[in-house]
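Next come the chains, spelled out residue by residue.
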Amino acid sequence: MTTALFHEIDNTPRDYAWGLVDGVAHVRGTAPTGRKEAELWLGAHPSAPSRITGDAPWATLDAWERETGATLPFLLKVLCAAEPLSLQAHPSTTQAEEGFARENTLGIPLDAPHRTYRDPHAKPELIVALHDGFEALCGFRSAADVQADLRVLADQIDGDSDASGALATWRQHLTGADGIRSAFLWLLSGDDSLPALVSAVTEAAGRDSRFALLARIAEAHPADPGILGALMLQHLTLRAGEALWLPAGNIHAYLRGSGIELMGPSDNVMRGGLTGKHIDTTELDRVLDAREGGDARLVSEVVSDGIRVFRPAGRGTPDDPGFELYAVQSDGELALDGPAIALATDGEFELASGDERIAMPRGRAALISRAAAVRITGTGQLFIAAG
């Protein structure tokens, strides 16, 4: 039986504590709810599969996958952050498969708070800013730049012997052959000297505008050692339409703003601070990419006058993320090799293939259920996630 190519889909926004009040509603142009709306998941992830609305043989996208044998190698999200998310990194496919099998052998329940690997999949991700001013911490600064800031802080907390001693330890870790890794993991070690250091640095940050970002993070996560970890990371601010690419091992945290996020269909997170959740430093060390510097920005490629594509590195290699994200502003055509998901965030569009078509006003999301040549008409902003 041949089923329709286009199916409207929807989901319920997730109300994580860091979310923005009416965030998803604002992106989609729907009625405000007065509640925090952190993420809208569009995909088949079993934790929150999208609903298929209207007349269709399946109620949800995970049922569609099971019953048709099709797969979506990605999860598309609307992300709206009012406060910093946790510092985190994600595993490669090999690391995820090994970790998932290991924790299964140990008999750790999938929903246990101390479980690290929830599935055997990688979780590389890219995010496109919807508005100017999207902020993120992403990748490590150079050890030399971190040391320069620590010298400034050393002068400011000189009267606090406990904090000064801890800061000296932090600086010593930075001088080793793998100083960035050593220093960052020490900040998560639970060392008895760390609370005094966090307190002193937070106080100094409140006095010195050069460390205003740390003061802002401390307001959301008081007394968290991740405040110190944030000093070791690059702080990036995106304009609307700019993107970041975060492959396996990259340490990052979104700070505030709304974006369209595309990632592997996984829930594997190794946290590194700014959270009350479980932190597994052993696994974080195993997956962490501790290289210094680099630019995480992902530059789009022009497909046609009205279409750009964000195509992550690694296509055709073992690290291939298996997805790409099209940003559409006007008429065009795409030849899709497999199932895809579309979301309109501005204006109004129509998708058509053969005699089938679907209207895509602002806020509507749709499954494109199989490979097809899709004609796009309209103006505004439309995102299409494809494998």
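Everything below is about the structure shown above.
First things first, this report covers the structure right here in the doc. Residue indices follow the written sequence of each chain, beginning from 1 at its first position. Two thresholds apply to this predicted model, a pLDDT of at least 70 for residue-level local features and 80 or more for giving and counting side-chain atom pairs, whereas whole-chain, interface and lining totals are computed over all residues. The side-chain figures draw on all heavy atoms in the structure; neither hydrogens nor water molecules are used.

Turning our eyes to something else, we now look at the overall build of the protein. Secondary structure follows DSSP: runs of H or I at least 4 residues long count as helices, runs of E at least 2 residues long count as strands, and numbering of each begins at the N terminus. Regarding its fold elements, the protein presents ten helices and 21 strands. Just to be clear, the radius of gyration here is over C-alpha atoms, and the globule rule we use is 2.2 Å times residues to the power 0.38. Scaling as 2.2 N^0.38, a compact globule of 387 residues should have a C-alpha radius of gyration of about 21 Å, and the protein matches this with 22 Å. Over its C-alpha atoms, taken along the principal directions, the protein stretches across nearly 75 × 45 × 40 Å. The buried label goes to any residue with under 20% of its type's maximum accessible area, the exposed label to any with over 50%, and the partly exposed label to all in between, with areas taken from a 1.4 Å probe on protein chains only. The buried share of the protein, reckoned over its 387 residues, is 53%. For the protein, the share of sequence-separated contacts (at least 6 apart) that also reach a separation of at least 24 residues comes to 73%. His residues and chain termini do not enter the charge count, which takes Lys and Arg as positive and Asp and Glu as negative. Here the site of a charge means atom NZ of a Lys, CZ of an Arg, CG of an Asp or CD of a Glu. Treating the 33 positive side-chain charges of the protein as one cloud and the 54 negative ones as another, the clouds have centres 1 Å apart. Contacts were defined at the residue level, with two residues in contact if any of their heavy atoms lie within 4.5 Å.

Moving on, we get to the side chain of Glu39. For Glu39, the position within the fold is in strand E4 (residues 39-42). For the purposes of these results, a polar contact is taken to be a pair of N or O atoms within 3.5 Å, where, inside protein, one atom must be able to donate a hydrogen and its partner to accept one; residues adjacent in sequence count only when each atom of the pair is a side-chain atom. A polar atom in the side chain of Glu39 sits 3.3 Å from the side chain of Lys77. When residues no more than four places from it in sequence are discounted, the contact partners of Glu39 are Pro13, Arg14, Tyr16, Trp18, Val24, Lys77, Val78, Leu79 and Glu261.

This part covers the nonpolar core. Grouped together as the largest cluster of nonpolar side chains are 52 residues, with contacts concentrated most on Phe140, Trp170, Leu174, Phe184, Leu197 and Met232. Looking at this core element by element, the count peaks at seven residues for helix H7 (residues 194-207). When neighbours within four sequence positions are excluded, Trp170 is seen to be in contact with Leu150, Ala183, Trp186, Leu187, Leu197, Leu228, Leu231 and Met232. The term nonpolar core refers to a set of buried residues drawn from Ala, Val, Leu, Ile, Met, Phe, Trp, Tyr and Cys, joined through side-chain atoms within 4.5 Å. With 35 residues, the next largest nonpolar core counts Val27, Leu40, Ala70 and Leu298 among its residues.

Aromatic pairs are defined between Phe, Tyr and Trp rings, using the six-membered ring for Trp, whenever the two ring centres lie within 6.5 Å; interplanar angles under 30 degrees are classed as stacked, those over 60 as edge-to-face, and all others as tilted. Under the criterion given, the structure shown has four aromatic pairs. Measuring from centroid to centroid gives 5.6 Å for Tyr16 and Trp18, while their planes differ by 40°, and the two rings are tilted. Since its relative accessible area comes to 26%, Tyr16 is described here as partly exposed. Assessed through its relative accessible area of 15%, Trp18 is described here as buried. Over the aromatic face of Trp41 sits the side chain of Arg14, whose NZ or CZ is 4.3 Å from the ring centroid. Should the NZ of a Lys or the CZ of an Arg lie within 6 Å of a ring centre and within 35 degrees of the ring normal, that charge is described as sitting over the ring.

What follows covers the packing of helix H5 (residues 161-174) against H7. Each pair of packed helices can be summarised by the angle the axes make with each other and by the distance between the axes. Each axis is a line fitted through C-alpha atoms, and for a helix only the stretch in contact is used; angles between axes span 0 to 180 degrees, taken between their N-to-C directions. Contact geometry of H5 with H7 gives a least axis separation of 8 Å together with a crossing angle of 100°. When the axes of H5 and H7 are compared, the pair comes out roughly perpendicular. Residue-level contacts link Asp162, Ala163, Ala166, Leu167 and Trp170 of H5 to Ala196, Leu197 and Ala200 of H7. Any residue that is not Ala, Val, Leu, Ile, Met, Phe, Trp, Tyr, Cys, Pro, Asp, Glu, Lys or Arg is counted as polar, Gly included; the first ten are nonpolar and the last four charged. Of the residues that constitute the contact of H5 with H7, the class distribution is seven nonpolar, no polar and one charged. By the definition adopted for this analysis, an angle is roughly parallel if under 35 degrees, roughly antiparallel if over 145, roughly perpendicular if from 65 to 115, and oblique otherwise.

This part covers the pairing of strand E19 (residues 356-361). At least two bridges found by DSSP between two strands is the condition for calling them paired. Two strands pair when backbone bridges link them, and strand E18 (residues 340-353) and E19 are joined in this way by six bridges, in the antiparallel orientation. Considered in E19, the bridge of Glu348 is made with Pro361.

Turning next to helix H4 (residues 143-156). Expected helix span is taken as 1.5 Å per residue step, with the number of steps being one fewer than the number of residues. With 14 residues, H4 should cover 20 Å at 1.5 Å per step; its first-to-last C-alpha distance of 20 Å lies within 8% of that length. By the burial criterion, the buried members of H4 are Ala143, Val146, Gln147, Asp149, Leu150, Leu153 and Ala154. One face of H4 carries all of its buried residues, which in axial projection span an arc of 165°. Of the residues in H4, the exposed ones pointing more than 90 degrees away from the buried face are Ala144 and Asp155. Where H4 is buried, its residues meet H5, helix H6 (179-187), H7 and helix H9 (226-231). Here the arc refers to the set of directions running from the helix axis out to each C-beta atom.

Its 14 residues place the ends of H7 20 Å apart at the C-alpha level, agreeing with the 20 Å of an ideal helix rising 1.5 Å per residue. All of the buried residues in H7 are Leu194, Leu197, Val198, Ala200, Val201, Ala204 and Ala205. Of the surrounding secondary structure, the elements contacted by the buried residues of H7 are H4, H5, H6, helix H8 (212-220) and H9.

What follows deals with the packing of H5 against H6. Interhelical geometry of H5 versus H6 gives an angle of 150° and a closest axis separation of 7 Å. With respect to H6, the element H5 is oriented roughly antiparallel. Contacts between H5 and H6 involve Ala166, Thr169, Trp170, His173 and Leu174 from the first element and Gly179, Ile180, Ser182, Ala183, Trp186 and Leu187 from the second. The residue inventory of the contact of H5 with H6, partitioned by class, reads seven nonpolar, four polar and no charged.

The subject of this paragraph is the pattern of salt bridges. In the sections that follow, a salt bridge refers to a side-chain nitrogen of Lys or Arg positioned within 4 Å of a carboxyl oxygen of Asp or Glu. This model, assessed by the stated rule, comprises 21 salt bridges. With a shortest N-O distance of 3.0 Å, Glu103 and Arg115 are connected by a salt bridge. Highlighted residues: Glu103 in helix H3 (residues 93-105) and Arg115 in the loop between H3 and strand E8 (125-129), separated in sequence by twelve residues. In the salt-bridge network here, residues are joined through shared partners; they are Arg102, Glu283 and Arg286.

By the secondary structure assignment, Trp58 is in the loop between strand E5 (51-52) and helix H2 (61-68). In this structure Trp58 touches Thr3, His7, Ile52, Ala63, Trp64, Glu67 and Thr68, once residues within four positions along its chain are discounted.

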